Amino acid sequence: MIYRATAPLTKGPRRTPLALLCATALATALTACTSSGVGGTPGAAGVRDPYFPKLGNGGYDVAHYGLKIGYDPESRHLTGTADITARATKTLSAFNLDLKGLDVESVTVEGKEARFQRAGSELTVRPRDDLDRGETFRATVRYSGTPQTITDVDGAKEGWLTGEESALATGQPAGSMAWFPGNHHPVDKASYDIEVTVPKGLKAISNGELTKETTANGRTTFGWHNAEPMASYLATVAVGKYATKTSMTAGKNGIPVFTAIDPTLPRDKREKVEKVLAEIPDIVDWAEYNFGDYPFSSTGAVVDGRAGLGYALETQTKPLFPASDADTTTLVHELAHQWFGDSVTPKSWQDMWLNEGFATFAEWLYEEDNDGDTVEETVDAIYEDEDDEYDSVWDFPPAKQPDAASISDDPVYYRGGMVIQKIRETVGDETFYEILKGWTKKYRHANADTEDFTTYVEKHAGDDETREELKRVWSDWLYGDGKPDER
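Residues numbered from 1 in each chain as written. Predicted model: local features only at pLDDT ≥ 70, side-chain atom pairs only at ≥ 80, totals over all residues. Heavy atoms only, no water.

(A) Focus on the environment of Leu 102. For Leu 102, the position within the fold is in the loop between strand S4 (92-98) and strand S5 (103-109). For the pair Leu 102 and Pro 181, spaced 79 residues apart in sequence, the C-alpha separation works out to 9.7 Å. When sequence neighbours within four positions are dropped, the list of residues in contact with Leu 102 reads Arg 118, Tyr 143, Ser 144, Gly 145, Thr 146, Pro 147, Ala 178 and Trp 179. (Helix = DSSP H or I, 4+ residues; strand = E, 2+ residues; numbered from the N terminus. Contact = heavy atoms within 4.5 Å.)

Below you can see the structure in the form of structure tokens.
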């Protein structure tokens, strides 16, 4: 994610919907859904994330989401069916799904009607029979209503954003629960098939590749397939009158590039956006050279000027941009996230710097490789900072945010990027790029945390002296309070 359109440091909104995550009456719900069977117990109503402890759910692991959604922008009414294929990681008498608002009409598990109960953002489901540990099961939830736009405590918006004949679904960190039920924590990644039916004349865009487009009775259904694992916060739907293009290919494997641009943009702005998006193949080629093979089977971007999107977001395979942020620097940032954040996904929201630090470093490296300032010069300017422009960078260490409200603050981006450069300076360029490519390969489509990263870097850094220098990088730059004494 990014909140600035250009390189200078600015403080943008933080993506921390604390109010939405205060689930209530969970103990009552779980008690009501306790099985009378032998051995089964309810799954946990959260995965104990350091900052969002009630986000996600325990007791099962989702393999696939099959989502079928109908949406009418005029009435803002949504109907949905979520087919969730999962594996029980313990013997379950009940399990929870995260769902914000919307009315649940029915729930079945393995084709049998299941009892369910709502409490805050928790949908607690009791199957007719206990689910054995290791058992793969299918749960189907039918729901409807007006999906919510969630306003965070800092004023930023996520969830379901609406505009004139348009809508955008955004999820970081918890907005996806506003439009489909699921296990909404980054640690549980799954493949997706998403079908969206809208009034004829509109388009519906989602992650992955288009597999279906049919029109009947004045409505068009678009089917999208995302085969690679995806965290739910990276799932998206964009509804509107978009000008779409699929003629470009990118990467060494020639993957398709799908772009969608809001046609209501003024002509000069639209032409500028088209010029920027035409850079996607070159940026992907550059990123593959530096970071390793592109991790997905397609790429692209969606630019929307109607739904009030106030930030760019790294939704998997198709980053979202407001028209104001559709520039080369932001495009590089969000495409870098396809490696760092989307493919290699953090185990908890406390590891956010592994997303944003790498994406910020990618901005600086792209500038260096295109005859701009070197990364060293950029980092020196931030460190020396004679005009106090970057004071906020030293507010806290990137790997030790003080609270959930800080996970998208400046130290996570800028000081996180500086940590990556310090690694580069410590191990040398040849080893550094081997580490980058090895890291994205080892944790491809998986989850990793800060300890995984520092352990990996030390293991591949070279001799003992270099490893000792890296430990000082961790203590001074990654975990240390305040501005390090030496650059």
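(B) Up close: the pairing of strand S13 (residues 190-199). Counting buried positions along S13 gives seven out of ten residues, so the element sits mostly inside the fold. Pairing of strand S2 (residues 60-72) with S13, which is carried by seven bridges, proceeds in the parallel orientation. Looking at the pairing, Gly 70 lines up with Thr 197 of S13. Of the pairings in the sheet, the one linking S13 to strand S16 (residues 219-230) comprises nine bridges and is antiparallel in character. In the strand pairing of S16, Val 196 is matched with Phe 222. (Buried < 20%, exposed > 50% of the residue type's maximum accessible area, 1.4 Å probe, protein only. Pairing = 2+ DSSP bridges.)

(C) Spatial organisation of the side chain of His 185. Following the sequence through the fold, His 185 ends up in the loop between strand S12 (166-170) and S13. Among all residues touching His 185, those that are not within four sequence positions of it are Val 47, Asp 49, Leu 55, Gly 56, Ser 232, Lys 347, Ser 348 and Trp 349.

(D) Fine view of the confidence of the model for the chain. Considering every residue of the chain, the mean pLDDT works out to 92; 92% of them sit at 70 or more. Below pLDDT 50 for its whole length, residues 4-37 participates in 108 contacts with residues either more than four positions away or in separate chains. (pLDDT = per-residue confidence, 0-100.)

(E) Local environment of a negative patch on the surface. A cluster of acidic side chains, namely Glu 384, Glu 386, Asp 387, Asp 388, Glu 389, Asp 391 and Asp 395, defines a negative patch on the protein surface. Secondary-structure assignment places Glu 384 in helix H6 (residues 375-384). (Patch = residues over 30% accessible without salt bridge, like charges linked within 9 Å, V, L, I, M, F, W, Y side chains within 5 Å. Areas by Shrake-Rupley, 256 points an atom, 1.4 Å probe, with all protein chains shown as cover. Salt bridge = Lys/Arg side-chain N within 4 Å of Asp/Glu carboxyl O. Lys, Arg positive; Asp, Glu negative; His and termini not counted. Charge placed at Lys NZ, Arg CZ, Asp CG, Glu CD.)

(F) Examining the sheet that holds S4 more closely. Taken in spatial order, the four strands make up an open sheet running S1-S4-S8-S7, and their pairing is mixed. Lying at the two open borders of the sheet, with one neighbouring strand each, are strand S1 (41-42) and strand S7 (115-119). Two elements, S4 and strand S8 (residues 122-126), share four bridges in a ladder whose sense is antiparallel. Among the inter-strand pairings, Phe 95 is bridged to a residue of S8, identified as Val 125.

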